[in-house]
Protein chains: 2
Amino acid sequence: MEKSVSPFLNACRCEPVDHVPVWFMRQAGRSLPEYRAIRASASILDAIKNPELACEITLQPVRRYGVDAAILFSDIVTPAAAIGIGVEIVPGRGPVIAEPFRSASDIARLRPIEPEIDTPYVIETIRTLKRALDVPLIGFAGAPFTVASYLIEGGPSRNFTHTKALMHTDEPTWFALMDRLADLAIASLVSQIEAGADAIQLFDSWAGSLSRRDYSYFVKPATARVLAAVGATGCARIHFGVGTGELLDLMADAGADVVGVDWRTSLTDASARIGRHHALQGNLDPALVVAGYEPARRETEHILREGARHGGHIFNLGHGVLPETDPDVLARLVEYIHSWDPDGRQ
Amino acid sequence: MEKSVSPFLNACRCEPVDHVPVWFMRQAGRSLPEYRAIRASASILDAIKNPELACEITLQPVRRYGVDAAILFSDIVTPAAAIGIGVEIVPGRGPVIAEPFRSASDIARLRPIEPEIDTPYVIETIRTLKRALDVPLIGFAGAPFTVASYLIEGGPSRNFTHTKALMHTDEPTWFALMDRLADLAIASLVSQIEAGADAIQLFDSWAGSLSRRDYSYFVKPATARVLAAVGATGCARIHFGVGTGELLDLMADAGADVVGVDWRTSLTDASARIGRHHALQGNLDPALVVAGYEPARRETEHILREGARHGGHIFNLGHGVLPETDPDVLARLVEYIHSWDPDGRQ
């Protein structure tokens, strides 16, 4: 792959592109029949540990859609699982932790990760993918807050009461936990980059549950440390969370080259909040893809216009592809986005 | 009750107050042992239909906390249930619809409501409450979009795919549905006001799932019609949804006197977005109340300062009281808010 001619990598740096690059969060996954066919018997974590399977799953949407980037088939709990935190990914629910973290003594369970030993399958998957791909490969990790929320709540949460109680009532433990999780994310991301990942996305999926004050004080410092470590490698950094419209400037300032935006915030508003030094990624409502091609295309046209006004735009959904999505709608959307003429914009 | 001396009603109109008024969404409910004691045997919808029980539940938090307003014990699906839409409120889940709406023919199921005949218990509860209360009583209804989302999805939803598909693929049906639901909300609210409600809150709880474009085109017109009908009575109108930071100006413009804000959006940002002609309500993270008094008080102090800078501020949580909340923390918070000295603000 010639990095110099990748629209995706150029857009990450707000450099000129010959077409708007596009990929989809969860482009590999349950919406694809070819995914359901080959993952039928394996759990998600087992599939991740099988480089041949993980490669194939990563490649499926690249073949089918012609997207401008691949994203490694893995999960944000992969590193935690690899160092012995009991975790299972329950279909339709998400990661479930066998023994949730509740006190300072639990932090010792987060030993340093040695990616070559603990997650050799991730490294092998990336190396194999690099030989097969002619588009950039995105590696990723969970940001400290979001991983902490799973460890503390024991699984997906609605109100994050235990997580917020810990941060507000025991700062030393909270920051020690953030510190370990930042180290975990850094080691994982750097090993992915060394193996060949061309860009990384740091998922702080649930940061949108926090007020600006809580995010700034309790979360941003650890995230900034992760993004700085990745930045030192020269690798492009995308940072994304759901419902983070109020945090976009803080997330950009934490050290993102690209800020992911969900559909609740218009790219116009996002642009005003983060300024012109960061690219934007987003932000089609995944439910509109389920609604059908024409609703999705109409909204995509608006989004492309807004993105063009910002400069530095990677098209994506505002959250992951929903399982009930018709892959043909996504395929047609990619065609539409690739053929869209920015000079025709209003 | 002397309306002229109600800090709550004054704040609704951005008029001077001698202390910041406070009430809590879901102040009546599972967090109170006295509520759990008397509702033990009755379903929520049965309790709503029992004026004696509904009055007592409405009064419990007023007695315990000394809040500046009571909110009628009812539910946003009460009118729909009363006209024969099969609905059950499942504890821990929410309203579940026996036969979800999926096509144009379902709209006929929403016949006009006659509140004196269909919900006489609501009217009786309000009349009884008015004799017992010395603070204003807030009536309420669900906004057309949020009620539609329950009818269409069949219950609480994560992605609102069926609802969004209907609005984007069958506009005539969508707008016919919005129209019926607006009529339902208007009839219910006007009857509550005639019975004695001093203010109303229109809950568009899930509007935050919509982009600005979708909200403006598909939702705002019906909401504006409801708020205009209430405005014609002279009754103060609060409008609230969760995660609606990006929609606050549109929700204010739909005809709200008071705009409810959740904790994700600072009152400072909310103030900048809606301007000085609307009061603000909010916006303490309910999880911080679960964390304990001191975390909640610290954040409350920030919020009170931001609210004072706006002018016209009703203190509230950013969403409902969580079931695991310690009522003593809320009681102490009310004391703190009532004794807070705005002249000490920064």
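Please refer to the structure placed before this passage.
Remember, it's a predicted structure, so these values are computed and weren't measured experimentally. (Residues numbered from 1 in each chain as written. Chains lettered and ligands numbered in written order. Predicted model: local features only at pLDDT ≥ 70, side-chain atom pairs only at ≥ 80, totals over all residues. Heavy atoms only, no water.)

J.: Would you mind going over the overall build of chain A with me for this structure?
T.: Check the secondary structure of chain A and you find 16 helices and nine strands. Expected size for 346 residues packed as a compact globule is a radius of gyration near 20 Å; at 19 Å, chain A falls within 12% of this value. Overall, chain A is about 60 × 45 × 35 Å in size when its C-alpha atoms are taken along their principal axes. Within chain A, buried positions represent 64% of all 346 residues. Summed over all atoms, the accessible surface of chain A reaches about 12,600 Å², with 49% contributed by carbon and sulfur. Of note, chain A has its 33 positive side-chain charges centred 3 Å away from the centre of its 43 negative side-chain charges. (Helix = DSSP H or I, 4+ residues; strand = E, 2+ residues; numbered from the N terminus. Rg over C-alpha atoms; globule rule 2.2 N^0.38 Å. Buried < 20%, exposed > 50% of the residue type's maximum accessible area, 1.4 Å probe, protein only. Areas by Shrake-Rupley, 256 points an atom, 1.4 Å probe, with all protein chains shown as cover. Lys, Arg positive; Asp, Glu negative; His and termini not counted. Charge placed at Lys NZ, Arg CZ, Asp CG, Glu CD.)

J.: Help me out: how do you make sense of the interface of chain A and chain B in this one?
T.: Interface size, as often reported, equals the accessible area lost upon joining of the parts. Counting residues at the interface gives 35 residues for chain A and 35 residues for chain B. Between chain A and chain B, roughly 2,900 Å² of surface is buried when both sides are summed, and carbon and sulfur atoms account for 46% of that area. Across the contact surface, chain A and chain B share eight salt bridges. The salt bridge involving Arg-213 of chain A is made with Glu-306 of chain B; its shortest N-O contact spans 3.0 Å. Among the elements of the structure, helix 9 (161-169), helix 11 (212-231), helix 13 (267-274), helix 14 (286-291) and helix 15 (293-310) of chain A are those that each provide at least two residues to the side of chain A that touches chain B. For the side of chain A that touches chain B, the element with the most residues is helix 15 of chain A, which contributes six residues. In terms of residue class, the side of chain A that touches chain B is made up of ten nonpolar, eleven polar and 14 charged. (Contact = heavy atoms within 4.5 Å. Buried area = accessible area lost by both parts, 1.4 Å probe. Salt bridge = Lys/Arg side-chain N within 4 Å of Asp/Glu carboxyl O. Nonpolar A, V, L, I, M, F, W, Y, C, P; charged D, E, K, R; others polar.)

J.: Please explain the pairing of strand 8 (residues 279-284) of chain B as it appears in this structure.
T.: Two faces make up the sheet, and in a regular strand the side chains alternate between them. All names here are of chain B. In terms of burial, strand 8 is largely enclosed, as six of its six residues are buried. As judged from the three bridges shared by strand 7 (residues 258-260) and strand 8, these two strands associate in the parallel manner. Among the inter-strand pairings, Gly-260 is bridged to a residue of strand 8, identified as Gln-281. This β-α-β element, strand 7 to helix 13 (residues 267-274) to strand 8, shows right-handed connectivity. Sheet topology note: the strand 8/strand 9 (residues 313-317) ladder contains five bridges and is parallel. Looking at strand 9, one finds that Leu-280 is bridged to His-313. (Pairing = 2+ DSSP bridges. Right-handed = clockwise from strand over helix to strand, strands pointing away.)

J.: Help me understand helix 11 of chain A in this model?
T.: The periodicity of an α-helix, 3.6 residues per turn, causes residues three or four positions apart to be oriented the same way. Helix length check: helix 11 of chain A (20 residues) gives 24 Å between terminal C-alpha atoms against 28 Å at 1.5 Å per residue, more than 12% under. Every buried residue of helix 11 of chain A is listed here: Asp-214, Tyr-215, Phe-218, Val-219, Lys-220, Ala-222, Thr-223, Val-226, Leu-227 and Val-230 of chain A. (Expected span 1.5 Å × (residues − 1).)

J.: Would you take a moment to explain the sheet that holds strand 9 (residues 313-317) of chain A for this structure?
T.: Neighbouring strands of a sheet are bound in pairs by backbone hydrogen bonds; such pairs are parallel or else antiparallel. Residues and elements named next belong to chain A. Strand order in this open sheet of seven strands is 1-4-5-6-7-8-9, and the pairing throughout is parallel. Each edge of the sheet is formed by a strand with only one pairing partner; in this case those strands are strand 1 (70-71) and strand 9. Along the sheet, helix 10 (residues 171-195) makes contact with strand 4 (137-142) and strand 5 (199-203), crossing strand 4 at roughly 170°. (Axes fitted to C-alpha atoms, helices over the stretch in contact; angles between N-to-C directions.)

J.: What is the right way to look at the packing of helix 4 (residues 51-65) of chain B against helix 7 (residues 120-132) of chain B in this model?
T.: A packed helix pair is summarised by two numbers, namely the angle formed by the two axes and the spacing between the axes. Residue and element names in this part refer to chain B. For the pair helix 4 and helix 7, the least separation of the axes is 9 Å and the interaxial angle reads 45°. Overall, the two elements helix 4 and helix 7 adopt an arrangement that is oblique. Considering the relative orientation of helix 4 and helix 7, their crossing is right-handed. Along its contact with helix 4, which presents Pro-51, Ala-54, Cys-55, Thr-58 and Leu-59, the element helix 7 presents Tyr-121, Glu-124, Thr-125, Thr-128, Leu-129 and Ala-132. Among the residues forming the contact of helix 4 with helix 7, the class breakdown is seven nonpolar, three polar and one charged. (Parallel < 35°, antiparallel > 145°, perpendicular 65-115°, else oblique. Left-handed = near helix turned anticlockwise from the far one by under 90°.)

J.: Is there a simple way to explain empty space enclosed by the protein in this structure?
T.: Empty space among the atoms becomes apparent when a probe as large as a water molecule is rolled across them. All names here are of chain A. The final tally for this structure, using the stated rule, is six cavities of 30 Å³ or more. For the largest cavity, the lining is made up of 16 residues, of which Ser-74, Pro-79, Val-122, Ser-188 and Gln-192 are closest to its centre. For the lining of the largest cavity, the secondary structure elements donating two or more residues are helix 5 (78-82), helix 7 (120-132), strand 4 and helix 10. Grouping the constituent residues of the lining of the largest cavity by class yields eight nonpolar, seven polar and one charged. By volume, the second largest cavity is sized at about 100 Å³. (1 Å grid on protein atoms, 1.4 Å probe; cavity = no way out; pocket = protein on both sides within 12 Å on 5 of 7 lines; lining within 4 Å. Points joined across faces, edges and corners; volume = space filled by probe spheres on them.)

J.: Just checking my understanding: could you explain the relation of the copies chain A and chain B for this structure?
T.: Each of the two chain copies goes to the other by way of a rotation about an axis and a shift along it. Taken as rigid bodies, chain A and chain B are interconverted by a rotation of 180° and an axial shift of 0.0 Å, the fit giving an RMSD of 0.0 Å. What the rotation and shift describe, once combined, is the action of a two-fold rotation axis. Most of the interface of chain A is mirrored in chain B, where 100% of its interface residues again form contacts. (Least-squares fit on C-alpha atoms with pLDDT ≥ 70 in both.)

J.: Before we go on, may I ask you to explain the sheet that holds strand 6 (residues 236-240) of chain B in this structure?
T.: Residues and elements named next belong to chain B. A sheet is described by the order of its strands in space; here seven strands give the open sequence 1-4-5-6-7-8-9, paired in parallel fashion. Because the sheet does not close on itself, it has two edges, and the strands there are strand 1 (70-71) and strand 9. In terms of strand pairing, strand 1 meets strand 4 (residues 137-142) through two bridges, oriented parallel. The partner of Ala-70 across the bridge, within strand 4, is Leu-137. Set on the sheet, helix 13 makes contact with strand 7, strand 8 and strand 9; between it and strand 8 the angle comes to about 155°.

J.: I would appreciate a short explanation of the packing of aromatic side chains in the present structure.
T.: The description of an aromatic ring pair rests on the distance of the ring centres and on the angle between the ring planes. Residues and elements named next belong to chain A. Enumeration according to the criterion identifies 18 aromatic pairs over all chains in this entry. Centre to centre, the rings of Phe-203 and Phe-240 are 6.3 Å apart; their planes meet at 85°, and the pair counts as edge-to-face. Taken as a pair, Phe-203 in strand 5 and Phe-240 in strand 6 (residues 236-240) lie far apart in primary sequence, 37 residues in all. Accessibility classification places Phe-203 together with Phe-240 in one group, the buried group. Cation over ring: Arg-332 sits above Tyr-293, and NZ or CZ is 3.8 Å from the ring centre. (Phe/Tyr/Trp six-rings, centres within 6.5 Å; stacked < 30°, edge-to-face > 60°. Lys NZ or Arg CZ within 6 Å of the ring centre and 35° of its normal.)

J.: Any chance you could explain the pattern of salt bridges here in plain terms?
T.: Side chains bearing opposite charge may pair, as long as their charged atoms lie close to each other. Evaluation of the coordinates by the stated rule reveals 42 salt bridges over all chains. Notably, a salt bridge pairs Arg-64 of chain B with Asp-328 of chain B, separated by 3.9 Å at the nearest N-O pair. Taken together, the residues span a long stretch of sequence, with Arg-64 of chain B in helix 4 and Asp-328 of chain B in helix 16 (residues 327-339) at a distance of 264 residues. Here the salt bridges share partners, and the residues they tie into one network are Glu-294, Arg-297, Glu-301 and Arg-305 of chain A.

J.: What should I look at first to understand the pairing of strand 9 of chain B in this one?
T.: Within strand 9 of chain B, five of the five residues are buried, leaving the element largely enclosed by the surrounding structure. Because side chains alternate across strand 9 of chain B, one face comprises the buried residues His-313, Phe-315 and Leu-317 of chain B, and the other comprises Ile-314 and Asn-316 of chain B, equally buried.

J.: Would you mind going over the state of the cysteines with me for this structure?
T.: Each disulfide consists of a covalent bond between the sulfur atoms of two cysteine residues. All chains considered together, the criterion is met by zero disulfides over all chains. Between Cys-55 of chain A, a free cysteine, and Cys-235 of chain A, which holds the nearest cysteine sulfur, the sulfur-to-sulfur gap is 18 Å. Look at Cys-55 of chain A and you get buried, because its relative accessible area is 6%. The cysteine Cys-14 of chain B is free of any disulfide, with Cys-12 of chain B supplying the nearest cysteine sulfur at 9.0 Å. On the basis of relative accessibility, which here comes to 29%, the residue Cys-14 of chain B falls in the partly exposed class. (Disulfide = S-S within 2.5 Å.)

J.: Sorry if this is basic, but what is going on with the side chain of Glu-246 of chain A here?
T.: Note on placement: Glu-246 of chain A falls in the loop between strand 6 and helix 12 (248-253). Side-chain polar atoms of Glu-246 of chain A contact the side chain of Thr-265 of chain B, separated by 2.8 Å. A distance of 2.8 Å separates a polar atom in the side chain of Glu-246 of chain A from a polar atom in the side chain of Arg-273 of chain B. In contact with Glu-246 of chain A, other than residues within four places in its own chain, are Arg-212 and Arg-273 of chain A together with Gly-245, Glu-246, Arg-264, Thr-265, Asp-269 and Arg-273 of chain B. (Polar contact = N/O pair within 3.5 Å; in protein donor to acceptor, adjacent residues only side chain to side chain.)

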